[in-house]
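The lines below spell out each chain.
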Amino acid sequence: MKVATSDLIPGCILLRDVKGKTNRPIIPKNTVLEEIHIQVLKKFLVEQVEVSKTLASGEIYVPKRKEAVQQKKAEETAVQLKERTLPFQARLEEAKEKYKDIFQRLQNHLPLEIGEVRNIILPLLESTEEIDREVYMLHHYTTKEDYIFYHSIAVGITSSFIARKLNFEKKEWMQIGLAGFLSDCGMAKIHPDIVFKEGLLSSEELAQIKKHPTYSYRLVESIPSLSAQVKLAILQHHERMDGSGYPLGLTGDKIHKYARIIAISDMYHAMTSERLYKEKQSPFKVIEEIEQDQFSKLDPEIVRSFIRNLANFSIGTKVRLSNKKNAEIVFIDPNKPTRPMVRFQDSGEIISLQHVPDLYIEEIVSQ
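Attention in this report is confined to the structure presented alongside it.

## Quick notes on the nonpolar core
Now for step 1: One finds Ile157, Leu182, Ile290 and Leu321 to be the most contacted residues of the largest nonpolar core, which totals 87 residues.
Now for step 2: When sequence neighbours within four positions are dropped, the list of residues in contact with Ile157 reads Phe88, Leu92, Leu124, Leu125, Ile131 and Leu138.
Now for step 3: Within the second largest apolar cluster, 15 residues are counted, among which are Leu8, Val46, Val49 and Val51.

## Section: the packing of aromatic side chains
Now for step 1: Across all of its chains, the model carries 8 aromatic pairs by this definition.
Now for step 2: Summarising the aromatic geometry, the rings of Tyr99 and Phe149 are spaced 6.3 Å apart at their centres and angled 70° between planes, so their arrangement reads as edge-to-face. Of the two residues, Tyr99 is situated in helix H3 (residues 88-107) and Phe149 in helix H6 (residues 147-165); the sequence distance between them amounts to 50 residues.
Now for step 3: Looking at Tyr99, the relative accessible area reads 2%, which means it is buried.
Now for step 4: Each member of the aromatic cluster is reached from another via a ring pair, and the members are Tyr99, Phe103, Phe149, Phe181 and Phe196.

## Description of a nonpolar patch on the surface
Now for step 1: A surface patch of nonpolar side chains, about 270 Å² in accessible area, is lined by Phe331, Met341 and Ile350.
Now for step 2: On the secondary structure map, Met341 appears in strand E7 (residues 341-344).
Now for step 3: By relative accessible area, which is 30% here, Met341 ends up partly exposed.

## Some thoughts on the pairing of strand E6 (residues 326-331)
Now for step 1: Both strand E5 (residues 318-321) and E6 contribute to a ladder of 3 bridges, which runs antiparallel. Directly across from Arg320, in E6, lies its bridge partner Asn326.
Now for step 2: Between the antiparallel neighbours E5 and E6 lie 4 residues, among them Lys324 with a positive phi of about 70°.
Now for step 3: Inspection of the sheet shows E6 paired to E7 by 4 bridges, in the antiparallel sense. Bridge pairing links Glu328 to Arg343 in E7.

## Regarding the packing of helix H12 (residues 257-272) against helix H13 (residues 283-293)
Now for step 1: At a closest axis distance of 9 Å, the pairing of H12 and H13 adopts a crossing angle of 140°. Relative to H13, H12 is oriented so that their crossing is right-handed. Within the contact between the two elements, H12 uses Ile264, Met267, Tyr268, Met271 and Thr272 and H13 uses Pro283, Val286, Ile287, Glu289, Ile290 and Asp293.
Now for step 2: Counted by class, the contact of H12 with H13 contains 8 nonpolar, 1 polar and 2 charged residues.

## Re the packing of H13 against helix H14 (residues 300-310)
Now for step 1: Viewed as axis vectors pointing N to C, H13 and H14 meet at an angle of 160°, and their least axial separation amounts to 10 Å. For the element pair H13 / H14, the angle class is roughly antiparallel. Judged by the twist between their axes, the crossing of H13 over H14 is left-handed. Contacts from Ile287, Ile290 and Glu291 of H13 reach H14 at Val303, Phe306, Ile307 and Leu310.

## Let's talk about unusual backbone geometry
Now for step 1: For the bond running from Tyr246 to Pro247, omega is 10°, close enough to zero to count as cis.
Now for step 2: Relative to the helices and strands, Pro247 is located in the loop between helix H11 (228-236) and H12.
Now for step 3: Even without being glycine, Asn30 reaches a positive phi, approximately 70°.
Now for step 4: When you line up the elements, Asn30 lands in the loop between strand E3 (25-27) and helix H1 (35-43).
Now for step 5: The exposure class of Asn30 is exposed, given its relative accessible area of 55%.
Now for step 6: For Leu45, which is not glycine, the phi dihedral falls at a positive 60°.
Now for step 7: Tracing the backbone shows Leu45 in the loop between H1 and strand E4 (48-50).

Parameters and conventions
- Residues numbered from 1 in each chain as written.
- Predicted model: local features only at pLDDT ≥ 70, side-chain atom pairs only at ≥ 80, totals over all residues.
- Heavy atoms only, no water.
- Core = buried A, V, L, I, M, F, W, Y, C linked by side-chain atoms within 4.5 Å.
- Buried < 20%, exposed > 50% of the residue type's maximum accessible area, 1.4 Å probe, protein only.
- Contact = heavy atoms within 4.5 Å.
- Phe/Tyr/Trp six-rings, centres within 6.5 Å; stacked < 30°, edge-to-face > 60°.
- Helix = DSSP H or I, 4+ residues; strand = E, 2+ residues; numbered from the N terminus.
- Patch = residues over 30% accessible without salt bridge, like charges linked within 9 Å, V, L, I, M, F, W, Y side chains within 5 Å.
- Areas by Shrake-Rupley, 256 points an atom, 1.4 Å probe, with all protein chains shown as cover.
- Salt bridge = Lys/Arg side-chain N within 4 Å of Asp/Glu carboxyl O.
- Pairing = 2+ DSSP bridges.
- Axes fitted to C-alpha atoms, helices over the stretch in contact; angles between N-to-C directions.
- Left-handed = near helix turned anticlockwise from the far one by under 90°.
- Nonpolar A, V, L, I, M, F, W, Y, C, P; charged D, E, K, R; others polar.
- Parallel < 35°, antiparallel > 145°, perpendicular 65-115°, else oblique.

Structure below.
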């Protein structure tokens, strides 16, 4: 078989003479090549030679380049296996650190490497069973100092979760998750004093923050492997159905469905997480606020699916209420899943949260 000289290894057997300009063999056929022969071939600029499929030792010959590729694949497989066996929270932490590095490079005006991005987020999105268990817990893993990095990962994961529950095919929900992950990458183009400010933003600073969807779009605009739908979703994820969003003030069906999914994910994680300038809120209080927004700002179909799947309680679930008392769910109205009937553990009293608007579920204790 013919192979490139650069792929030769000691032990290869030549099947044909290698001739020079004088037509005399530089190295005759049937020579068992040693390292010095390979160097001679390179010095004479011989690009290819014909060798046996077996080495002098009788082993199958694997060209050096192919061997390197196989080694690389083996190493990648080992890494992927390690990633799959790590606890979800540990994998989330690793992804945060890797994205933080990308973000800092973007701040230094280096290009976005989409292959690197895919290697961070796609293995997490593949963990659908873990996501179904953990999506409610994502805000617990977020720290206020690194909020912006956790937020991008959480929005990607939550967006893929919503898309799956809406019965998108895998190819699409993976793309939607990728778009969610990249939706805030343009924050790297805004001055860090604004992005990481601990106090409330001024109107001028807020105006700068509102430019981030455009900056995010510009970072991905020229990447051929990203679909037009993904790029639109990144640009439009802060648009609202009533036209009150930004950067374009689009309304209704002018907003791509991918963007409408990411909008809900972005809002949910932002409101449930502790940030530098605000305290986190109860997920179930946030869900109720999102539910109110479905009539004007958000897509009602997506909101209903999100609430139905996130507030997927069962009878007997133990919860802590906003008055810090523990209770057990005894009845669920499917039309009001965040306001079930509960029994207090200390007194045995049963109340319906639908009739006590100031009281709400703060956390799940166990299911």
